[in-house]
Every structure is written in structure tokens, then in C-alpha cells.
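# Survey of secondary and tertiary structure
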Amino acid sequence: MGDGGRNKEKAGGRSKNNDGSLGTYRGKRHFDRTREPAGRPPEGRPAEGRRSRGGLGEVADAPPEPHFVVQIHDAGTLHFDFRLEVDGVLKSWSVPKGPSADPHDKRLAMPTEDHPLEYREFEGVIPEGEYGAGTVIVWDEGSYHPLARKRKGRTRSFGESLEEGHVAFWLDGSKLHGGYALTRFRGGGDSGERESWLLVKENDDRAEHRGTPDARRARSVVSGRTLRQVAAEETDGPRKRG
């Protein structure tokens, strides 16, 4: 099974207030016109797991692992949106060619604004005239865990590693599996230059010599629909998923 069960680090995916970092996201959208989620207000710190008593005393359940989602977005330019749950929001990158299972593929990933956690369930058509107008499907989703990273003898949090420009993580999705890394190679800090990152598959036992499927033929992992089918059904009114 590779090293997916080793070197785990707590992600703290639901621990921080998400109001501030969603300002850009909310400022670009009119929620009376688009079905995209505005995001719930912060609810404070979540419970840290149930505790039970046994022969060895109190033991806390492990917190749930954070989520990831990959959406295909046909908005003028067809692309994939790669999102990781970090500190109460979805950190997001636009990946034009989509994630690849082949370690030889280095996929350009351009950071976009933070999205609310509820966005990982969004599938549908963003209306004309709205930011990002076009069709969205959920290509893959699942959980992930960060792979621990040490610097100067101290384990870095996932958020700190993101700020420093490099994170490694293990994906457990329906389509994507195994280790991946995101590395910033341009911009960041006080450079004034737009950030550019690379998304690369780690060379582990879940690596394969195949890239990403044709985005126009790809099917949603939640509804089984293609972009064309979602767009056609939306013309007859929103489709409820159940």
C-alpha cells in the first residue's frame, strides 16, 4: 500500500475562522443570481472527537481527515480546479491540464481565491454575466492527509508549508490516489509577481503512466454526468442531487 499510512500530520482543516479569507470570493459573486454557496458563518472550534473510558483511561477519537475536490470548469477556457481543505476554507488552484497520475507530468497550477468548504459539492451552471460563467462538474473528491515536513528540526504545519511554497500530501479519492506535491516556483512573498505552482504526482506505488482524461468526456464522480449533460439539464431548471 506504499507509505500512505505513514508520516501523517494533523491538517487542522476545520479549526480557524473562515470569514476573512473568503472576502475575495464573496466580492466576485452575486448570490441572488448564482447557485454557488456563499459559505456558512464560522461556528467556532469543532469538537475534537468523542472520548471514551476504558482500561487505559480516556482516549479521544481522531479528528476527521480534511477533504479535497477536483472540479472541471468550462468557463471560456476549459480547466480543472484543484482544492484542498485547509484552515476552514478550500485553498484553490486552477490546473489547465488537470492532475496526472504520471510522476513525469508537471502540471501548472495557478492559485485562485479561497472557496468555502461547501463549494466541494457544487455542480451546475454559473449564469452568463457572473464571475466564472460556465458549467462545473465534480470530477473527483475524497479525503487527504498532509505528509509531515520538518525544517530546522521542527515539524511544519500544513498551513506553514503552504506559505513557504511546498506541500506534500496523500490523496484518497475515487480517481486520484497516492502522494502528490504542490511547489511554488514563481512569485510569492514581496515579489509582486503572480504566483505559479507545479502539481506533481509522487513516484509511489499508486503512480501510473497515464495522464488526465479528456475533460469534455469525463464524468462527474457524484452524478455520472458530463459537462454537456449538466449544461443541457440546467436549461430545464436546476437538478437536485439526492
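First things first, this report covers the structure right here in the doc. In this text, all values refer to a predicted model and were calculated from it rather than measured experimentally. (Residues numbered from 1 in each chain as written. Predicted model: local features only at pLDDT ≥ 70, side-chain atom pairs only at ≥ 80, totals over all residues. Heavy atoms only, no water.)

## Re the nonpolar core
Counting residues in hydrophobic clusters, the biggest one holds 28 residues, and the most contacted among them are Phe82, Leu84, Trp93, Phe169 and Leu182. Apart from residues lying up to four places away in sequence, Leu182 is in contact with Phe82, Leu84, Trp93, Ala109, Gly165, His166, Val167, Phe169, Trp197, Leu198 and Leu199. One finds Tyr25, Leu90, Phe122 and Ile126 within the second-largest nonpolar core, a separate group that totals six residues. (Core = buried A, V, L, I, M, F, W, Y, C linked by side-chain atoms within 4.5 Å. Buried < 20%, exposed > 50% of the residue type's maximum accessible area, 1.4 Å probe, protein only. Contact = heavy atoms within 4.5 Å.)

## With respect to the side chain of Glu123
Looking at the secondary structure, you find Glu123 in the loop between strand E6 (106–115) and strand E7 (124–126). Here the side chain of Glu123 touches Val138 through a polar contact of 2.9 Å, landing on its backbone nitrogen. For Glu123, the side chain forms a polar contact with the side chain of Ser220, separated by 2.7 Å. (Helix = DSSP H or I, 4+ residues; strand = E, 2+ residues; numbered from the N terminus. Polar contact = N/O pair within 3.5 Å; in protein donor to acceptor, adjacent residues only side chain to side chain.)

## Observations concerning the pattern of salt bridges
Per the counting criterion, the structure on display carries 18 salt bridges. Among the salt bridges present, the one from Glu193 reaches Arg186, with a minimum N-O distance of 3.8 Å. Overall, Glu193 belongs to the partly exposed group, its relative accessible area being 43%. Between Lys201 and Asp204 there is a salt bridge whose closest N-O contact spans 2.7 Å. Using a relative accessible area of 17% as the deciding quantity, one classes Asp204 as buried. Among the ionic contacts, a cluster of salt bridges with common partners joins Lys28, Arg29, Glu36 and Glu113. (Salt bridge = Lys/Arg side-chain N within 4 Å of Asp/Glu carboxyl O.)

## As for helix H3 (residues 227–234)
Every buried residue of H3 is accounted for by Leu227, Val230 and Glu234. Projected down its long axis, H3 carries its buried residues within an arc of 65 degrees, all on one side. Buried residues along H3 sit in contact with strand E3 (67–75), strand E4 (77–86), E7 and strand E8 (134–146). (Arc of directions from axis to C-beta.)

## As for the environment of Asn203
Within the fold, Asn203 resides in the loop between strand E13 (196–201) and H3. As a C-alpha pair, Asn203 and Tyr180 span 23 residues in sequence and 8.8 Å in three-dimensional space.

## Examining the packing of aromatic side chains
One pass over the structure, following the stated rule, counts 10 aromatic pairs. Taking the centre distance of 6.0 Å and the plane angle of 90 degrees together, the rings of Tyr25 and Tyr119 count as edge-to-face. Highlighted residues: Tyr25 in helix H1 (residues 23–27) and Tyr119 in the loop between E6 and E7, separated in sequence by 94 residues. By the burial criterion, Tyr25 is buried, and Tyr119 matches it. (Phe/Tyr/Trp six-rings, centres within 6.5 Å; stacked < 30°, edge-to-face > 60°.)

## Details of the pairing of E6
Strand direction decides the pairing type here: strand E5 (residues 89–95) and E6, joined by four bridges, are antiparallel. Following the sheet pairing, Trp93 is matched in E6 by Pro111. As paired elements, E6 and E13 share four bridges and run antiparallel to each other. Residue pairing across strands places Lys106 opposite Val200, the latter belonging to E13. (Pairing = 2+ DSSP bridges.)

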